[in-house]
Each structure stands twice: as C-alpha cells, then as structure tokens.
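# An overview of the molecular structure
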Amino acid sequence: MLSLWLRRLSTDRIARSRNSSAPLVVTGRRGNAEIFVAVDDAAERLGLSPGIALAQARAMHPGIDTMPEDAEADATLLESVADWCLRYTPLVACDAPDGLLLDISGCAHLYGGERELVADLSGRLENAGFGYSLAVAGTIGAAWAAAHYGKPASHACGEERAILESLPLSALRLQTVTVAGLARVGLKQIGDIIDLPRAPLTARFGSDVLRQLDRALGHEHEPLNPRLPVAPYVAEQRFAEPIAREEDVLAITRRLARRLQFALERRGDGARRIELALFRTDGVVRRIATGTSRPLRDPDDIRELFVERLAALADAFDPGFGFDMARLSVVVAEPCPPEQIGIGGSEDASKLCRFVDRLSARLGPRRVHRLVAQDSHIPELAEAVLPAQAVNGDAGWAGFRQYRKETKLPPRPLRLLARPELIEAVAEVPDGPPLRFRWRRALHEVIAAEGPERIEGAWWSEHGGPARDYFRVEDKSGLRFWLFRSGLYRDLAQGAGAPTWFLHGTFA
Amino acid sequence: MGHSHEDQATDESWKVCIRMRYLEFAVASNFSFLRGASHPEELMVQAVHVGLGGLGLCDRNSVAGVVRAHLAKRERNLPLRYHPGARLVFADGTPDILAYPRNRAGWGRLTRLLTLGNLRTEKGACTLYLEDLLAHAFGLELIAMSGNASLLARLREIAPHRVRLAASMLYRGRDRARLIRLKDHARTAGVPLITVNDVLYHHPDRRPLADVLTCIREKTTIDRAGRKLAINAERHLKPPEEMMRLFRDAPEAVEETLALSDELSFSLDELRYEYPDEQVNGFDNAQDALAHFTYEGAARRYPQGIPDKERANLEHELQLIAQLQYAPYFLTVYDIVNFARSKNILCQGRGSAANSAVCFCLGVTEVDPERADLLFERFISPERREPPDIDIDFEHERREEVIQYIYGKYGRERAGIAATVISYRGRSAIREVGKAFGLSEDTIGALSSSIWGGAGGSVSKDAVTRTGLDPQSRRMRQILSLAQEINGFPRHLSQHVGGFVITRSRLDEVIPIGNAAMDERTFVEWDKDDLEALGILKIDVLGLGMLSCLRKALDLVDEHYGERYTLATIEPEEPAVYRMLSRADSLGVFQVESRAQMTMLPRLAPRNFYDLVIEVAIVRPGPIQGDMVHPYLRRRRGQEPVTYPSKALEAVLSKTLGVPLFQEQAMKIAIVAAGFTPSEADRLRRAMATFKRVGTIGTFQRKMIDGMLVNGYEREFAERCFQQIEGFGEYGFPESHAASFALLVYASAWLKCRYPDVFAAALLNAQPMGFYAQAQIVRDAREHGVEVRPPDVNHSSWDSTLEPGPHAAGRLHTLHHEMRDDIRTTHAVRLGLREIKGLSEKDGKLIVERRSSQISVAYDSMRDVWLRTGLSPCVLERLADADAFGSLGLARREALWAAKALGRVGDRDDDQPLFTSRGNTSARIVSQEPDVRLPPMPIGEEVINDYRFLHLSLRAHPAQFLRTDLDVRGIKQNDSLRRIPSGMRTRISGLVTCRQRPGSANGVVFMTIEDETAVANVIVWPKVFERWRPIVLGARYVTVFGVVQEECGVIHVVADQLEDLTHFLARLADHGADIDGLARCDEVRRPIEEQREARIAGGRHNRLVRLMREIPELAGDLDVSARGSAHAPARRARIS
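Residues numbered from 1 in each chain as written. Chains lettered and ligands numbered in written order. Predicted model: local features only at pLDDT ≥ 70, side-chain atom pairs only at ≥ 80, totals over all residues. Heavy atoms only, no water.

The next point concerns the confidence of the model for chain B. Residue and element names in this part refer to chain B. Summarising the model, chain B shows a mean pLDDT of 82, and 85% of its residues fall at 70 or more. For residues 1–11, every residue scores under 50 in pLDDT, and the model assigns this stretch two contacts once sequence neighbours within four places are set aside. Confidence over residues 905–926 falls short of pLDDT 50; this stretch has 22 contacts with residues more than four positions distant or in other chains. Per the prediction output, this complex has pTM 0.73; the corresponding ipTM is 0.70. (pLDDT = per-residue confidence, 0-100. Contact = heavy atoms within 4.5 Å.)

Shown next as structure tokens:
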C-alpha cells in the first residue's frame, strides 16, 4: 500500500498560475470567520498555520497573499493526479481532501521494485511542483500514518507496529473528539494503547479505536475503494447502415432524447447543456452542443434546438460517408421540478422560453437579450440587459410595477435612451417644470407637465451623481417626454454647480 | 444672556409672532428606532433655526423621546411651541394616526392606550388596533396620515372636530394632483386638511444616516437595499415659507397647523408628582407616623438618651420634611428597608437624604451622621424642590425579592421600573454600520475590537489599516463618519437596574408601561434623567455584590467563630484595619481594590473613617480632571499650607483642606463664589450630562468663571472648579454616597484584616463581583496564611465553606508579616463545587444533597456517586477533569477513566429487568474489569488542567515549571523587584491577569502579570504598545523588559520590550496555551462599553497627562467608575 499526501494541494494549485513568491495562504469561511485553510511553505515559516483567523494574521503580517479557497478546483486537481497515477496501478483511490491511496502490490516489479516505483513517482511529483509526503507499508493505516506523521519511507510488511508505536493517536484517522478524550486520560501515542486491555478501552471510547488500530496493524482487512467513473446522462446508438441525412440525424436525436428523458425524470433533473456527438465512419467525431434557458427534458424541445443548431451550421455539417454512431449526452443537468400540465400561465412562459431557445440557438446566445428589473430608484440602474437564456421567470418586472403602484409614483417610459441626453431648457426656479426645451436641435414648447419626482443619487457609490427632478411633459405637437433637472438649487449653497437638464426617454 | 428678563420676553413674543405661520406635527425622532435619524434636541434646535412656530413630536407608538425635546426647550429657552404626542401604528392595517393630547386627561388616555399595546406583546413591541384608539380617544386631537372615507367617518364619530387629514408634498411626481384629490376627499369626509412633512430628520444631510438605519432595520446592505431606501431626502424640517410655497394650492392646510396648536394646552410640566399614600395605621397622617418611627429608632440608637445636638437635628429635619410634604416618601423607603430586614436581606441607603439623622434613626443607613461628620449643607434644599435622593443597595442575589415585594405592595398600575436607553456606542456603532456596508463579520470584529475604552469610542485610522482596509478610501471614510454620527443614537429601551417609580394614582396615566425582557418585570418609557427633570420621584433599588459578600461573611463568622456582628456592630476605627489599607493590601475590599486605588492608598494613608470617605471620592473623574488630587495630597502631607480662596469658601472646603473633592462642594462653589442660584447650579450639573449632544456649555462656563472673577477669585482656580464640575457632570461623586460606601469599605476591610478565611470564602461565594477572579482571591488568601483546600465530592458544598484548619497568623507571607497579631483565622477554606467550570448549580447541589441526606455516608466510589445522584457520566467527567475525586483516591486521569466507563447498558441495575437485584445496590459491582495502568500525569500538566477546569491551581504556579527556561534567558522572579532600585532595568515574566487601557490615559495600557512569587504591575506606553500590540493583546504568558519605578512602596515596570512565551505553556500540556488567569477587570476579554465620551481638551489635557505620568493608575478609574453595577458609584452614573 502506498499513501500519498499532497500536503500543499491548494497552494500548489495556485502557485502554478502565479508569478509572485510572496507567502501564500488560502482562506475560507468557517462559521462567521474568515480563516486560513491552507498555507504554503513560505507562510508556514512566518509562523502561520491553518485555522488562524485572517483578520488576526493580517494584523501581524500585512504582506501575505491570500486567495479564497476553491474546494472544487482542489478536488478536480486531485482527480487528475489520481488519473495520472493509473500508470502505476489500476487501483487508485482518492483519500479526500488531499491524498491518494495506491495499491501497488503486484505492480511494483514493473518499475524494478517498490523503491524504484517510489523514486519514479517522487521525481514526477517534484517536477510537477507538488509538495508531498508518501509512505509505503503493508496496510493502508500504517502507510497513511507514516505519510502524514513524518516517517515517510518504505516499510516492509509486518513492521507496522514499529512504525506506529511512536506516532500520535490521531495518526489512526480517529475522530478528533475521541483523540482528545484519550489524551485526557493520558493516552496520547499509539504505543500507549497497543497493549491495553481491549474491553475497558472499547467500553469507554467505542469500537472505532481498536478497529482502526487493528486495520493499521493488519489484524483486520481494510478495503480500498477505487475511483469509479462518474455516471452522466448518456444515450448512444450504433447504426448498421451509416446515416447521412439531416432528417435522420434529427430523428435519432429525438429518439436518444426520449431515452434520456426517463433517466432525467427518475432523478428529477433537466438538461441545461446538451451535446450531440456524431461518429463518422472515418473516425472523425462531430460534436454539436447547445444550451437551454431552463432545465429541459422534453424530447421534442431538444430536437427543436438541434434543428436550429444544424440550420446555423449548415455548411459545416459534413456527413462524409455517413455516421455510424450517435451519442447524446447531457453535459450539465439541473434539478427540474416535475412539470404541471394545463395551466395557461406556465404554458405561456414555456412558449417564451422555447422562443428564446430557438432564437439563441440560431443567432447565438449572446445576441438575444432580455431586460431584467433591478432594485434601484435610479432609472438607468433599475434595469439590466442580460442574455435571454440566463433569465428565468418574469425578470422582476412584476415587483417593479407593484412598487410603483403602491407608492403611487407616476409611470416611466417603456424604454430609456442609451444615456440621458443634455438639453437646453428654461424652467421655473426652484423646482418647476421646463417651459420649453431644445433637444437634438428641435425646440419643444411644453404645454403640460407633471412632477417633479425627486430621486436622490446613490451617495454610497462613486458614481452616485446629484439629485434629479423628473418631469413628464407634453409638447405642442403631442409628443411626450421624460426629462429631468440634474442637481438641486438647494445644493448650490454647498458649492454644487448650477442645475442642468437632460432628456431620459420618450413615451409612446 | 446679556438681555434682561423683560427684553427677552418681548423679543421672544415678537419672534413667535412672525413665525406662527406653520408648525410641523409629523416629526419622528430617533426614538422611532431605526427610522428617525435625529435626536429630539436636534429637531428642536433646527425647528427654531428654520423659523417654525412650533413642533409636535410623535414617535412610533412611544413617547420615549418627548421629555428630551421638552428639556431642550426649557433649558435653552427656545422660542417655539412644543407639543408631545405619539404616532399610532396599528397592527390591523389601519393607516398611521398621530395623536396629540389636548390636556392632562388626554395625556392619561394616550399613555393608557400605549400601555395597553405594550403589555399585549413582549418586550419592545406595541400592538395596537383601531378599536383601542376608539376606546381611548377622549381628549386627543387626531391626524390621520391617510385614510378612506369610512375610517375618517368612524374617527369623526368618536372625536368630532378633533380629526384632521394629513397632506404632504414629498416630491413623488404627482403631488399636486394628489393634493387636489385629498382636498376633495377631506371636504367630502367633513374633516380639515392639515399640512405635514412627515419628518424623519432635522436636516437633509442626515439622508445617509437614515439610509443606514433602514439597512440595519431591514437587515440588508446599502448596495442591496435598493428601493427599500427612501427615494429622496425631503423628509426634513422645512421653513414655513417653503411649506407655504409647496402648499400654495391649499394654504388653508398650512393654517390648520396653527388652529391645531391652539387646541393643545398640555405641557409635560403638568405631570406633577404625587407621592403614594403610605400606610399610616393608627396615625393621623404620614408626618405623625414618620415622627413616631423616627423617635422609636432614635431610642434604639441612643439607649442612653438622645444627645441634645442630635435631637435638634431631628427636630429640624422633621420640620423640613413636614414643610415639603416628603413624609410619605420617607415612609416608603422605611417600609422597603423594613421588609428587607425582616427577610434578613442586607441593605444600606445612600444619597444626601439617606445620610440624614432621620434615616439613621429609621435604620435606612448605618452611617452615623456624627461619625462621618457629614452634612455641611442640609440634606434637602427647600428652594430647589428637588425630590429627596435615596438609593438603597441590597444584596445583589436577593434584590429580586425586594422588587417583587414592591410590585406586590403597590401593584403594577402604580409601580414600575425606570427605563435605561441603550444607545449605539463605539463598538455597536461600527458593528451595525459596518454590517450595513456589507463588511465581513471578521473585519467588523477586528474593527470593533480595536475600540478599547475611550478614544471617543471610534475606530482609529491605524486600526483600519491593520485590518487590511484603506482608511482613505471613500467607502471607509463613509463608514467611519457614519459610525461616529450614529454614536449616541438610542437603540432600544431596557429596564434600569433598579430605579422604581411609585405613584399614588395610576402610573399608566403618567407614563406608558411596557414589559421588560425579564419575566415579572414592567418598566416605564422614561429614563431616570427624564423622570428627574419632570420632578417624578423614584427610589433606586440597586443590587450590590459586596452586600451579598458581607452577609455571607457575617454569617460565617457567626457559625465558625461564634461572634454575631452586624454592619453597625463591627468594631469601629481599628488601627489594624487602617494599617492594612495603608499598605495597599486591599484585594477584594469594596471600592478600593482597583489598581488606581491601590496606588492611592499608601499616598493617602487613611487613618480614620472620614479618610475613607475621601479615598472613595478622590479617585474619580471629577477630582482628577479638575486637578484636585495633587493639591490635596500635598496639603495632607503638610508640604503645602492649607489656605482658602476666600472666607466664604472656608466653610465649604474646610473638611477637605481647601480642595474641593465632592460634588456637593463643586455645586456649592458655583453658588457661593460665582453667584449661581441653587437651581442654576443644578441646571449646570444636568447640562453636562444631558446636553453634550447638542448645544455647548460655554455659556455656563463663562457665567461661572466671570462670576468668580467678579467676586475676586483667581482665574486659574475658577477654571479648575469649572473643569471639576464638568468631570462631575455624569459621574459626579457626592460626599453622601461616598460616606455610605466608606462604611462598606471599612466593614469589608475589617473582615479581610481579622478573618481572611471568612473574607475569601464569602468573596468566592458572591462571585461574580468586583475586580478579581477566583485565582487572585485564593492567591491573596494563601498569602495571608489561609489554607485553601481543593473542591471534592466528599468534602465540598456548592459554596466554599470553612473547615477547622491551622492558625493563619503563623503562616503569613513575608509581605504581610505585620499582620501577625491582627489575624484571628483558625479555619481553612474548602473550595465549593461552584468553582468547577461547567458544573451547573443544580447538579452540584444534588451531589451535596445526596451525600448528606440520603444515606448520610461519604461516597465510596465513582459508581457510588453515579448511582446515588443519577447524574450523567458527562457531568461526572467534568468533576473528574476538575480533580474532585481526591477523597476516593482517584487522580485526575483515573477518575476520568472511571467516569468514562459509566453508562454502559447493563451497568445500572434498573437496566437489567431480568436480573433485578434486591441487595445493596450501591455497593454492588456488576463486572470486574481488568486493571488498566494509566500513565501518571506530570505535575506541570496537572497545574495546566487545574487552570483549565478550575480557573486556578492550588498545586503550583505554571511559571514554576518554566523557571529553568526563564533563568536561561535571564528573567528574574517578580519578587526580586522589591530589591531592585528604582530606575534600573530588569526582565520579568508572568501569566497575564489583567490589561486595562483607560480612555483618558492616552492609550497607556496597564498590564498585571503574576509568576510563582508575586504579582507585578507593568505600564505599556502607547508607542511600545503599537509595536508589541499582538503580544499585549494575545499573549497569555509574557516576558517584559523594562525600567523599574518605585514610589511610596508601589512598584511598576515600564515596558520597552515584550516577548510572548505562551508557547512555553503549551509544552506543559496540550492545552497549555489556552489557559488564562485573567481577572474580571481585564478589558480585552471583558470589554467595557464606552459610557462616556472623552471630553479632554486644551490645557486640561496637559495637566492630566502630567498627573498620569506620576500616578498612571489614576486614569484607570476615570473609566472604572463607569463600570457595572457592583461598583456603580453615583446617582448620575448610567448603569447598563
């Protein structure tokens, strides 16, 4: 058994993509505090260690680099190291969060022996820039203990007791409470409990202690759980006769989607990203992917998406001598509530979604937008433009309308100008509406006005700007505008500039 | 102030005349918590500034802020009308309605209505329904903030001609159209329209703060709050011209505000106080009853007959009481004290009235007016008509009984506790503002923990930099300035520690009553300053830890030494007691145990009771800020002649060698020397406390100093007197309080001197109280020769007890050898189970009860304890951790091993239904286990574990085990300090027990450390502190390198270098680095909420710095007086 401990996994990962050699720590939120979850060698030399609060450490060492933790990236990296270790043995298990277990029995001779295998592995890890510690022993427990508690070397089978005796009890992979409890009665090293009567120990600290001890000593077998491939949603079909026509491809897509539908429904998932892989007889693989605006599993909907995608590809869809296999995989799945059938509202919504999906599939997802209501008084901040597929539901306008209604605020134009346009206006001081104004060189005589609706700037933001008085006005020709005075006469006393006028939108 | 009275009046009426065009009725102050963004005082001042004719204050379902606005008007003579009211917010969807009382009866209805809403819910909330208003509308003028025809019709039905509909123009786009509609609506409904601006702050500049309050209320951040924030900043006080311009379409609505104001005649001054009727069974009236009880008491006090002088005093006082009709009040106090005495609850009155001859005879106080030589002024000044001042301290553990007695006697309609306004201060300010700006919890933690004691309670730029943020960034500047601005804003109301308001008629027709967080408590909405300002009487029923301690001690002396003492019969004026105090041997002694007091004791060297009165009062902000300490000390030592500024002041200052030290003296100087009237002097004092927030006190300052100059006093003396009054402002210490406290100082010092065993046990049993923790108390007792024994399941009670033991006098530490003939101790202290960390009182008492009652034999094994008590093995593990099984022959690890074995299925007999045994269950052993030999615990680890689970160790001091390492580093033992001459450098070390950084000490940190030989005092100057900050704040064990300073037997080390040796402790045991020996006064662990803004400026600053260089600890008590209730000094202290 070989236990490998990548003791600097997080910091090594980050170090690969940075130039600085300043001490590096990785921080994460635990409860209410931001604490260190990993430190690199340089940081450790400063006396920093995982568990220290960020704020506290900053007070002492303002110069350290901090990065937020990314458990997913760490896991991915560990997986890839695990995959890479398959070169030594097929039996590789992840020892989360930062270790691997390799069953090298029967494999070592391929490298000329354990020692040589270890040398090879060490060399490669060093080249890859990993901090590590590894040990080989007869049992998982002993190898793990030796790797993590400072006897990294190769040990023959049967020497477990010698390895373990002087190591602390936590080397047995026990719960921290158990270790603390044992320490309180003076039992601190594995050697302290090896020869103790078993019954009293079990009675006090549970059977776990002795089981872990027995496993480490080799008195009890400990199974290794090699990594399994992750099961995605995949459906594939081989064809006796290669297919080449678009209709056939779409038909087969629908059939595969139908098979996936059952799998998705069983787990309550829906597809957010789907990939169709078409295997040409000559070995070339064509991959066509598409996203969806909501978790999807209806086969017809999925087929429709590929209709648009194929239409967009057109030329590039080159079947050659035909495809002999098609594989449809759900690359990203999301929980999708069971669908309710027959309620008008939701059908409308799904129609809109379908429309958005089709448009996006044809024009590209970045070209189809929706306006989403934002929670702000300031008109241009009250809406945001987002890719339509990313928007679910009603985009927040119901809340906006509700608010305007409750507070009895006057209506706003449906669309605003890209940015307010400066106008020349003559108006009553201090807060009257404009009597006439010039916009894009045309003069407008105001015959009716409503307002002001006074909106203050966001004082907490750099771009807050001055207060505005908005008016709805109508000119002689019946055109209606939304314009505002920027800045208040009240603020003149505090050194603000004279108010200016802007036009912000027109009413239909 | 230059105007004659007549001038002012005409001037004023003219102003009012031109202003009377608009009054603002919808005004919320910051007592509409988290909505209003201005203090009531600010609103009043701004209202005058913009020219309003008047202002009606109406907070949300509350009248908590109305008195402050009332006082602002009264104290500053503001030319505007003021109407107190409330904004009624309903739980049933009814729109808000403003309610203003027309007259006293209307006020009563309003407060009853609010009381109804308050009592319906838990603390802090008020649930009202429209029905409630309909039932209480009599005498109220109502303004509906909005409302449909049916609501207006219903209101009009119950309050014809007293309903108005509010109209506002708040720049919401359709204001004018809305106003036209409202006019129609009002006309149809037959009610007048009235202009309001629905004010939330006095000036538009408060918008950022108002937005932050919204974020705090909505628990969101400024970036996420969005439309929850106000759309604009229009809800401020606007000038009448502006309001008339806005309402040019409805000028009648503006005029309606005048019409409404004319209807309202109620003033808060009408809430004249009515004393409760006291039981006067068998007497014609209260005065007769009081006279009877007084002479009855006098006969007891003076068995040989009342001396002529005393009789004359009594006559005089009784006559004064009769004249002012205060007899019922004295009878109330007498009744409460009698109740306490009947329940054997120790109590003592204090305050000017408490130290009268009458109160001495009634038994309210034990301070013999003769012995204290008190009362240079009589206890009540008839011209001030201020209610008499009596606070009564009770044992803190039994005060609740007294409170419930008062509720029971007067009923909840007539008795209630005063409120305390909990405000945003320093830490809570930065915490809440930081949250509103979305700072992370730990950043906020780092910022707020940087606020230590004083410094105005704000975050320094350095502190910001240290947390890794940029203090110059726009956002950080906003955070800091808003935190500063919110400082002092009320956050919620809480109950005062014990100020009781008792009335003859219904209390809820005077003040709204609400539920307190504690069961069985109700409190009123005004705090003690508000109540006092309106002349409403309160009696302070306070809890005092030292009284609990003294009662326990007197009981122990009775039980073990067969001597029954009371506070009155403790042997008076014993020189041994004064000798002890003069050596600064005062740990645990009431009031004089702080480091500052310990430094002062040898300088002052008290020789009699009155010296103690001075000792208590001199280490206070007043005398220190007024620079009175040094002159007094010099004169006392005869280094300076005793002179008086004038003949007139000789009478005032003769007892204190010409140096004013007491609050009464400072006030008297203002009267005698500066020509203040007594009520002016009182207003001056109150102005310091109440009016810091707004206006200045400059006018008073000028008046006083000018007045004194005119009367021929020197400017310097005049300025110092004024500064002293400033210092007294909030934490003034009157002689009358000092005298009552001095009695307890003497009593506790006497016990410590004669029976250190009793004193230590009683102190331990009265914890938590005082400055020190168990470890320091035990250390002190052992140094006084007392044997202290560890807690044990077979020997300990819940409390610490006394067991026969050695004569302490023969075992004294060399420090205390002088006391050989003074100490009478012949007992050892057995620590109680209460000292065991994490053991609940219920479990602890069960162990004791089962040991003594059930079988009445000692426990013989762990199993025996377990079976007889039925406690869970976890609890027994706690006992094992604390090494409480020594009498069973079980060491710590063995006991733990045994405890761990308990609780297995089948162990307890009733777990075995098939084999129920009828034999002697407790002794039966279920199964024989093989013996397990556990490694013995090294002694160092034992000590560490003692600290972890017992807060102290009787075995050894941790430093002892580090000594070899310390020697290698050239670190000396602390007791060597006494042999090192002043000015030499040395290197010492110790466990950190206390760190204090008084705000007034300019960032000086006082550290106390102890090793196995002695306690050492360390001074860390700010520069050194900044350099070694993490060590000062974080280290548990430190080395200090610095210069030795010695004066009057008090030794400090002034640190210039520190080293953290905490890791040495970790070598002794696993958790060695986690132990602490911190005392209760440590401010890092137990931060004091900043109670008082530092008001040090100008010349005084320098003097203070100079003084503190000489007696640095003095600064400690500038803040210490603001600490918790156990040492709450004076009636002015805001006790949280």
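Let's shift gears to the sheet that holds strand β10 (residues 285–296) of chain A. All names here are of chain A. Spatially, four strands are ordered β8-β11-β9-β10 in an open sheet, and the strand pairing comes out antiparallel. With one partner strand each, in any of the chains shown, β8 (233–243) and β10 form the two edges of the open sheet. Across this sheet, the average inter-strand angle for adjacent strands is 15°, counted without regard to direction. Pairing between strand β9 (residues 269–280) and strand β11 (residues 323–335): eleven bridges, direction antiparallel. Across the sheet, the residue bridging to Ala271 is Ala333, located in β11. Across the face of the sheet, helix α12 (residues 246–267) comes into contact with β8, β9, β10 and β11 while running at roughly 155° to β8. Of the strands in this sheet, β9, β10 and β11 touch helix α13 (residues 299–313), which is tilted by about 130° from β10. (Pairing = 2+ DSSP bridges. Helix = DSSP H or I, 4+ residues; strand = E, 2+ residues; numbered from the N terminus. Axes fitted to C-alpha atoms, helices over the stretch in contact; angles between N-to-C directions.)

Take the nonpolar core next. Across soluble globular proteins, nonpolar side chains have a tendency to be buried as a group. All names here are of chain B. Judged by nonpolar contacts, the single largest core of 91 residues is most densely connected at Leu581, Leu751 and Val758. At the level of secondary structure, the elements contributing two or more residues to this core comprise α22 (545–561), α23 (575–582), α24 (595–604), α25 (609–618), α27 (629–636), α33 (735–754), α34 (756–765) and α35 (774–783). Element by element, the count of residues in this core is highest for α33, at 13 residues. Residue contacts for Leu751: discarding those within four places in its chain leaves Leu550, Ala553, Val557, Pro756, Val758 and Phe759. By size, the runner-up hydrophobic cluster in this structure holds 74 residues, among which are Leu182, Ala250, Leu271 and Ile513. (Core = buried A, V, L, I, M, F, W, Y, C linked by side-chain atoms within 4.5 Å. Buried < 20%, exposed > 50% of the residue type's maximum accessible area, 1.4 Å probe, protein only.)

Bringing helix α12 (residues 308–324) of chain B into the picture now. Residues and elements named next belong to chain B. Taking 1.5 Å as the rise per residue, α12 with 17 residues should run 24 Å; its terminal C-alpha atoms sit 24 Å apart, in good agreement. Restricting attention to buried positions, one finds in α12 the residues Glu310, Leu314, Glu317, Leu318, Leu320, Ile321 and Leu324. Buried residues of α12 fall within an arc of 160° about the axis and therefore sit on the same side. Residues of α12 that are exposed and point over 90 degrees away from its buried face: Asp308, Gln319 and Gln323. Immediately downstream of α12, the backbone of Gln325 shows phi near 60°, a positive value. (Expected span 1.5 Å × (residues − 1). Arc of directions from axis to C-beta.)

With that settled, consider the packing of helix α17 (residues 426–436) of chain B against helix α20 (residues 474–486) of chain B. All names here are of chain B. Following both chains from N to C, one finds α17 and α20 inclined at 130°, their axes separated by 9 Å at the closest point. Classed by the angle they form, the pair α17 and α20 counts as oblique. Note that α17 runs across α20; the crossing there is right-handed. Contacts between α17 and α20 involve Ala429, Ile430 and Val433 on the former and, on the latter, Ile479, Leu480, Leu482, Ala483 and Ile486. A breakdown of the residues in the contact of α17 with α20 according to their chemical character gives eight nonpolar, no polar and no charged. (Parallel < 35°, antiparallel > 145°, perpendicular 65-115°, else oblique. Left-handed = near helix turned anticlockwise from the far one by under 90°. Nonpolar A, V, L, I, M, F, W, Y, C, P; charged D, E, K, R; others polar.)

Okay, unusual backbone geometry next. Cis geometry marks the peptide bond from Gly451(A) to Pro452(A); its omega dihedral reads 0°. Tracing the backbone shows Pro452(A) in strand β16 (residues 442–455). In this structure, the amide linkage connecting Gln767(B) to the following residue, Pro768(B), adopts the cis form with an omega of 0°. Structurally, Pro768(B) is set in the loop between α34 and α35. For Lys219(B), which is not glycine, the phi torsion reads 50° and is therefore positive. By secondary structure assignment, the location of Lys219(B) is in the loop between α8 (207–218) and α9 (240–246). The residue His951(B) is not glycine, and still its phi comes out positive at about 70°. One can find His951(B) in the loop between α40 (939–950) and α41 (958–968).

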